[in-house]
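Okay, here's what each chain looks like letter by letter:
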Amino acid sequence: MKRGISTNRNVTNQASCLKQLGIDFAFRYYSQTTQQPEKRLTQAEAEALSAAGVQIGVVYEDAPTSLSYFSGTRGHQDAVNAYNAALSLHQLPGSAIYFAIDYDAALADISGSIFDYFKGVDQGMRDASGGNSTYLIGVYGSGAACDFIKTQCPFVRYSWLAESTGWLGSKTYAAWDLNQAIATTDLCGFSADEYEENQALDNFGGFILGYVPPSPTT
């Protein structure tokens, strides 16, 4: 089992500290529309994490916080955006991009528009790659959402259980690859409300860049 964090804060300057404190991975975001200045993973940040030996996890998230966000068309567009972001970052083939359901979705939502969204994600990833995407797909959400999407979508490899234990099905869902929890202590200069704790199976689709720029010489 691996220990990690997820955060909308840039962790470039904390990478070495995280490694020293036993953090195996850090989850960060791809996004096309975010207005949060530090939410989007940067190249320099990915390089710093890789150099420190901290695996990177990525989740695509614009604003998936209500049913109105989800449709097959939106899933397709999000997947194209995510795929292009991954290519730009030099994300390794065979690693994963997660897609978020960031609200307590009802079963009718999950089996309807959210299901359509993930079918759109699959098509978008294949279209963006010109055939078969080299990136795997994960889902983030409630226990009910993770269970339905991972079970009904054979192209979804990983599930990430959200920290909100009161969401539908979350208390009983045990088939997760990642499990998010509310942080309770400060970490490497981040207060407890600036990140979440996570545990993960050894294989959760994380990656370290295949290259790390050499240190500058003096």
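Remember, predicted model here, so these are calculated numbers, not experimental data. (Residues numbered from 1 in each chain as written. Predicted model: local features only at pLDDT ≥ 70, side-chain atom pairs only at ≥ 80, totals over all residues. Heavy atoms only, no water.)

A. Just the state of the cysteines, in detail. Across all of its chains, the model carries one disulfide by this definition. Between the sulfur of Cys-17 and that of Cys-188 lies a disulfide, 2.1 Å long from S to S. Here the disulfide of Cys-17 and Cys-188 is left-handed, its torsion about the S-S bond being about -90°. Here Cys-17 is found in helix α1 (residues 15-20), whereas its partner Cys-188 is found in the loop between β7 (178-182) and β8 (196-200), with 171 residues between them in sequence. Residue class for Cys-17 comes out partly exposed when judged on its relative accessible area of 27%. Residue Cys-188 is classed as buried on the basis of its relative accessible area of 16%. With no disulfide of its own, Cys-146 lies closest to Cys-153 among cysteine sulfurs, the gap being 12 Å. Looking at Cys-153, the relative accessible area reads 0%, which means it is buried. (Disulfide = S-S within 2.5 Å. Helix = DSSP H or I, 4+ residues; strand = E, 2+ residues; numbered from the N terminus. Buried < 20%, exposed > 50% of the residue type's maximum accessible area, 1.4 Å probe, protein only.)

B. Focus on the sheet that holds β8. A barrel is described by the order of its strands in space; here eight strands give the closed sequence β1-β2-β3-β4-β5-β6-β7-β8, paired in mixed fashion. On average, each strand axis in the sheet is inclined to that of its neighbour by 30°, with strand direction left out of account. Taken together, the six bridges between strand β2 (residues 25-30) and strand β3 (residues 55-60) define a ladder with parallel strand orientation. Pairing of Ala-26 across the sheet is with Ile-56, part of β3. Along the sheet, helix α4 (residues 107-129) makes contact with β4 (96-100), β5 (136-141) and β6 (156-161), crossing β5 at roughly 155°. (Pairing = 2+ DSSP bridges. Axes fitted to C-alpha atoms, helices over the stretch in contact; angles between N-to-C directions. Contact = heavy atoms within 4.5 Å.)

C. Broad picture of the pairing of β2. Counting buried residues along β2, six of its six residues qualify, which places the element largely inside the surrounding structure. Two elements, strand β1 (residues 2-6) and β2, share three bridges in a ladder whose sense is parallel. Each bridged residue has a counterpart across the sheet, and for Ile-5 the counterpart in β2 is Ala-26. Between the parallel elements β1 and β2, the chain passes through α1 in a crossover that is right-handed. In this fold, β2 hands off to helix α2 (residues 43-52), which returns the chain to β3; that crossover is right-handed. (Right-handed = clockwise from strand over helix to strand, strands pointing away.)

D. How the structure looks around the environment of Thr-34. Secondary-structure assignment places Thr-34 in the loop between β2 and α2. We classify Thr-34 as buried; its relative accessible area is 13%. Considered as a pair, Thr-34 and Asn-179 are 145 residues apart in the sequence and their alpha carbons are 24 Å apart. Beyond its immediate sequence surroundings of up to four residues, Thr-34 is in contact with Lys-39 and Arg-40. A distance of 3.0 Å separates a polar side-chain atom of Thr-34 from the backbone nitrogen of Gln-36. (Polar contact = N/O pair within 3.5 Å; in protein donor to acceptor, adjacent residues only side chain to side chain.)

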